[in-house]
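# Structural overview
Chain by chain, the residues run as shown.
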Amino acid sequence: MAVIADRCPDLQVTVVDINQDRIDAWNDSDLSKLPVYEPGLDAVVGRARGRNLHFSTGVDEAIASADMVFISVNTPTKTRGLGAGQASDLRWVEACARQVAKSAVGHTIVVEKSTLPVRTAEAVKAILSAAEHSVDGSQRSFSVLSNPEFLAEGTAISDLESPDRVLIGGEHPEAIESLASIYGHWVAHERILRTNLWSSELSKLTANAFLAQRISSINSVAALCEATGADVREVARAIGTDSRIGPKFLQAGPGFGGSCFQKDILNLVYLCRHFGLPDVADYWESVVQLNTWQQHRIARMVVKKLFGTVTGKRLAILGFAFKADTNDTREAPAIRIAKDLLEEGAQLAVHDPKVDSEQIARDLQLPASTAPAVDSGPTRAALSGEGTWWPSDDVASALREADAVIILTEWNQYRDLDWSVLAPLMRQPAWLFDARSVVNPSEVRAAGLNFWRVGEGQS
Ligand code: UGA
């Protein structure tokens, strides 16, 4: 919404939320304190806020005065009841639809921005049209559009400013053109696609499923490379130069994380089962299963290389966010890998430039300990059986006396580390496990470290 406000100074955009603290944070004069870390967002908010971008808790007033309402709420995977573990929890979408139905005045275009299961618009339409025939005699009417978002975290602003495409699904041409004219302020006409409602909703889930499928495919090949002596980077380059395949999303790693891929695929799986397509459901479910397997595989491999045990050993985890340039840890591969290592009794020093320690504690469901005194003695492993972790502010202290360092997020700063300085800080023989292919292998080996990186076989 901030980018819409920035690009369309003639429109008034009000972002509303019932959470006062969140709105206060969006209104904070210190732009470094916005509730979401996203490169470039502070500048966009700085330009538009107070001019034509407003943050408020006045939900009903904002709806009443709006010509268009975007529903952009969370749709997490249901944790209980029908479809638990797969279907999306739509209670917030429904609550929004009911609030819009109650407070809207005149004709209102309601835009589904949240990622939603196919045919959600039907439920939204049913709630809204019940209000059109309201007993209070007020005149209201609605058009429902689906306008899914394709931005990726970390590159959100540039994705929004120059999108591959904008997708608008709907039934009423006038409503579609009204939304298209907003994007038309900065997006080329041919990049604004118009579809029916259901195609639009399904396209969003399918796009994420295809992207995630490529990652699971390349991660499966990475394991095969390690077993056969091939190198997954070479294979990715070789297949990616085929213009039918293309080079993007072929980076092997610790598995995909983030709030969307797993959730959206599980949603697709649920829909397929619901519509009587169990084979299609199994096909997509295997993408998530391979991803989970990859994360456990990395943890298992660390244990195996460290003589079959990490109990009491110090390990440094570099990177906890699900990808670089974000402080988001939702479904981050680091969570599952760190939990597996904690289960084995490891002592983890966790470093991430943007993720705070409270978030890590919540994700690991384990409060932080204080960093134990450094002990390089041979009996260290025998001392403690309990897994512990503590946050580390800098890479060097995370590595001090560690038996291994595991890189799980591709932060740029990890590309430039000087291993000739860092390696001597570790307890020898020490390992570097590079799950993101960010370090220079020859520099690491020259520094005397044992080295593993994803998808690199020993030829
Ligand atoms: C993803 C999609 O890329 C967006 O198009 C979509 O709008 C968004 O979900 C959403 O539905 O909201 P996002 O999750 O922010 O965006 O980030 P991605 O860049 O797609 O990365 C997802 C995960 O895949 C990360 O853990 C990343 O490290 C991993 N990844 C990505 C790989 O392991 N290899 C790759 O080659 C690319």
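So, here is what we can say about the structure in this document. (Residues numbered from 1 in each chain as written. Predicted model: local features only at pLDDT ≥ 70, side-chain atom pairs only at ≥ 80, totals over all residues. Heavy atoms only, no water.)

### Focus on the nonpolar core
- Leu315, Phe320, Leu341, Leu348, Leu399, Trp419 and Leu432 are the most contacted members of the largest nonpolar core, which totals 66 residues.
- Sort the elements by how many residues they give to this core and helix α13 (residues 333-343) lands first, with six residues.
- In terms of nonpolar packing, the next biggest core, distinct from the first, is built from 38 residues, Ile63, Ala101, Ala212 and Leu271 among them. (Core = buried A, V, L, I, M, F, W, Y, C linked by side-chain atoms within 4.5 Å. Buried < 20%, exposed > 50% of the residue type's maximum accessible area, 1.4 Å probe, protein only. Helix = DSSP H or I, 4+ residues; strand = E, 2+ residues; numbered from the N terminus.)

### Some points on the environment of Pro333
- Within the secondary structure, Pro333 sits in helix α13.
- Of the residues examined, Pro333 reaches a relative accessible area of 1% and is grouped as buried.
- Sequence separation between Pro333 and Phe322 is eleven residues; the distance between their C-alpha atoms is 6.4 Å.
- Leaving out residues up to four positions away in the same chain, Pro333 has contacts with Pro254, Gly255, Gly257, Gln295, Phe322 and Arg436. (Contact = heavy atoms within 4.5 Å.)

### Looking at unusual backbone geometry
- Cis rather than trans, the peptide bond between Gln428 and Pro429 has omega equal to -5°.
- Phi is positive for Asp325, close to 65°, though the residue is something other than glycine.
- Look at Asp325 and you get partly exposed, because its relative accessible area is 35%.
- Here the phi dihedral of Glu331 falls at roughly 55°; this positive angle occurs in a residue that is not glycine.
- With respect to the element layout, Glu331 can be found in the loop between β8 (314-318) and α13.

### Describing the side chain of Gln86
- Tracing the backbone shows Gln86 in the loop between β3 (68-71) and α5 (91-103).
- A polar contact of 3.2 Å, which involves the side chain of Gln86, links it to the side chain of Glu285.
- The residues contacting Gln86, other than those within four sequence positions of it, are Thr77, Lys78, Lys263, Leu266, Asn267, Val269, Tyr270, Arg273 and Glu285. (Polar contact = N/O pair within 3.5 Å; in protein donor to acceptor, adjacent residues only side chain to side chain.)

### Considering the site of the ligand
- Close contacts around the ligand come from 19 residues, with Phe150, Leu151, Glu153, Lys204 and Asn208 the closest.
- In the model, an oxygen atom of the ligand is placed 2.7 Å from a nitrogen or oxygen of the Lys204 side chain.
- Arg436 is positioned such that a nitrogen or oxygen atom in its side chain is 2.8 Å from an oxygen atom of the ligand.
- Here the ligand, which alone exposes 710 Å², has 88% of that area covered by the protein.
- The dominant element in the shell around the ligand, judged by the number of residues it contributes, is helix α9 (residues 197-228), at four residues. (Near = heavy atom within 4 Å. Areas by Shrake-Rupley, 256 points an atom, 1.4 Å probe, with all protein chains shown as cover.)

### Thoughts on a nonpolar patch on the surface
- Together, Phe275, Leu277 and Val280 make up an exposed nonpolar region whose accessible area comes to about 260 Å².
- Looking at the element boundaries, Leu277 is found in the loop between α11 (261-274) and α12 (278-305).
- A relative accessible area of 41% places Leu277 in the partly exposed class. (Patch = residues over 30% accessible without salt bridge, like charges linked within 9 Å, V, L, I, M, F, W, Y side chains within 5 Å. Salt bridge = Lys/Arg side-chain N within 4 Å of Asp/Glu carboxyl O.)

### Some points on empty space enclosed by the protein
- Going through the model one piece at a time under the given rule, you end up with two cavities of 30 Å³ or more.
- As a volume, the largest cavity reaches approximately 40 Å³.
- For the largest cavity, the full set of lining residues is Glu112, Ser114, Thr115, Leu116, Ser146, Asn147, Pro148, Ser200, Glu201 and Lys204.
- Examining the composition of the lining of the largest cavity, we find that three residues originate from one element, α9, more than from any other.
- Class assignment of the residues belonging to the lining of the largest cavity gives a composition of two nonpolar, five polar and three charged.
- Reported here for the second largest cavity is a volume of approximately 30 Å³.
- Lining the second largest cavity are Phe256, Gly257, Gln262, Asn291, Gln295, Glu331 and Arg336.
- Of the residues belonging to the lining of the second largest cavity, the class tally is one nonpolar, four polar and two charged. (1 Å grid on protein atoms, 1.4 Å probe; cavity = no way out; pocket = protein on both sides within 12 Å on 5 of 7 lines; lining within 4 Å. Points joined across faces, edges and corners; volume = space filled by probe spheres on them. Nonpolar A, V, L, I, M, F, W, Y, C, P; charged D, E, K, R; others polar.)

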